[in-house]
Amino acid sequence: MTSIVNFEENLKDRKSNVILESLNRFHDAKISGAIRPDELSKIIVLVGDLFANKISKGEVSKEEIDETESFISQFTGENKDSYFNINHADLDKSSKMFLEGDFFALEKYQERIKDSSPLFDEESYSSGFKRL
């Protein structure tokens, strides 16, 4: 069983497995009182990496990106601890990492779209060739 507890070791596993098992462990640890203060922030970073990967592949709409970034930005600033009974460490840092990853993934996607777009429109494409 993998979890966020052995964070560095588990990165060789699939990220989705680490995230799902970490979420299961997070729930159990919260109930039993064995939760570590940085577990939630590490899960946010891993989910941010997955979300950024989906953005760079073009599988996420602009509305979904805006909604997710709006939700994650609640964990930055002075009110970041007002949502939970437990004080979680590094929420602002992990949220900023999430948002930065999204920003760079969106830039990567837009660059890829720009590079793959045709240079000429349909009418001027044939006029760009010389007649021999």
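Here is what the cut-offs are and how they apply
- Residues numbered from 1 in each chain as written.
- Predicted model: local features only at pLDDT ≥ 70, side-chain atom pairs only at ≥ 80, totals over all residues.
- Heavy atoms only, no water.
- Helix = DSSP H or I, 4+ residues; strand = E, 2+ residues; numbered from the N terminus.
- Contact = heavy atoms within 4.5 Å.
- Areas by Shrake-Rupley, 256 points an atom, 1.4 Å probe, with all protein chains shown as cover.
- Core = buried A, V, L, I, M, F, W, Y, C linked by side-chain atoms within 4.5 Å.
- Buried < 20%, exposed > 50% of the residue type's maximum accessible area, 1.4 Å probe, protein only.
- Axes fitted to C-alpha atoms, helices over the stretch in contact; angles between N-to-C directions.
- Parallel < 35°, antiparallel > 145°, perpendicular 65-115°, else oblique.
- Nonpolar A, V, L, I, M, F, W, Y, C, P; charged D, E, K, R; others polar.
- Left-handed = near helix turned anticlockwise from the far one by under 90°.
- Salt bridge = Lys/Arg side-chain N within 4 Å of Asp/Glu carboxyl O.
- Phe/Tyr/Trp six-rings, centres within 6.5 Å; stacked < 30°, edge-to-face > 60°.

Enquirer: Before we go on, may I ask you to explain the overall build of the chain in this structure?
Expert: Across its full length, the chain carries six helices and zero strands. Helices (α) and strands (β) of the chain occur, in sequence order from the N terminus, as α-α-α-α-α-α. Counting contacts in the chain only where the partners sit at least 6 residues apart, residues at least 24 apart contribute 58% of the total. Taken as a whole, the chain presents about 9500 Å² of accessible surface, with 52% of it coming from carbon and sulfur.

Enquirer: I would appreciate a short explanation of the nonpolar core in the present structure.
Expert: One recurring pattern in soluble globular proteins: nonpolar side chains tend to sit buried together. Formed by 17 residues in total, the largest nonpolar core has its most connected members in Ile-44, Phe-51, Ile-55 and Ile-65. Secondary structure elements with two or more residues in this core: helix H2 (15-32), helix H3 (39-57), helix H4 (62-72) and helix H5 (91-116). For this core, the element with the most residues is H3, which contributes six residues. Not counting residues within four places of it along the chain, the set of residues in contact with Ile-44 comprises Phe-75, Leu-91, Ser-94, Ser-95 and Phe-98.

Enquirer: Help me understand the packing of H3 against H5 in this model?
Expert: Two quantities define a packed helix pair, namely the angle between the axes and the distance from one axis to the other. Direction vectors running N to C along H3 and H5 enclose 10°, while the axes themselves pass 8 Å from each other. Taken together, the axis directions place H3 and H5 in an arrangement best described as roughly parallel. Of the residues in H5, those touching H3 at Leu-40, Ser-41, Ile-44, Val-45, Val-47, Gly-48, Phe-51, Ala-52, Ile-55, Ser-56 and Lys-57 are Leu-91, Ser-94, Ser-95, Met-97, Phe-98, Gly-101, Asp-102, Ala-105, Leu-106, Lys-108, Tyr-109 and Arg-112. Among the residues making up the contact of H3 with H5, the classes are represented as 13 nonpolar, six polar and four charged.

Enquirer: Looking at this model, I keep getting lost on the packing of H4 against H5. Mind explaining?
Expert: Axis separation between H4 and H5 bottoms out at 10 Å; the angle between their running directions is 160°. As judged from the angle between their axes, H4 and H5 are roughly antiparallel. Here H4 and H5 pass one another in a crossing that is left-handed. Contact with H4, carried on its side by Lys-62, Ile-65, Thr-68, Glu-69 and Ile-72, involves Ser-95, Phe-98, Leu-99, Asp-102 and Leu-106 of H5 and no other residues of that element. Its residues assigned to classes, the contact of H4 with H5 comprises five nonpolar, two polar and three charged.

Enquirer: Can you help me understand the pattern of salt bridges in this one?
Expert: Pairing between side chains becomes possible if they bear opposite charge and their charged atoms approach one another. Scanning the model with the defined rule gives four salt bridges in all. In this structure, the salt-bridge partner of Arg-36 is Asp-38, at a minimum N-O distance of 3.6 Å. Among the residues examined, Arg-36 registers a relative accessible area of 29% and is labelled partly exposed. Its salt-bridge partner being Asp-66, residue Lys-62 comes within 3.6 Å of it at the nearest N-O pair. Separated by four residues within a single helix, Lys-62 and Asp-66 lie in helix H4, roughly one turn from each other.

Enquirer: So what exactly am I meant to see when it comes to the packing of aromatic side chains here?
Expert: Here the distance between the centres and the angle between the planes together describe a pair of aromatic rings. Going through the model one piece at a time under the given rule, you end up with three aromatic pairs. With 5.5 Å between their ring centres and 85° between their planes, Phe-71 and Phe-75 make a pair best called edge-to-face. Among the residues examined, Phe-71 registers a relative accessible area of 47% and is labelled partly exposed.

That's the geometry; what it means functionally is another story.
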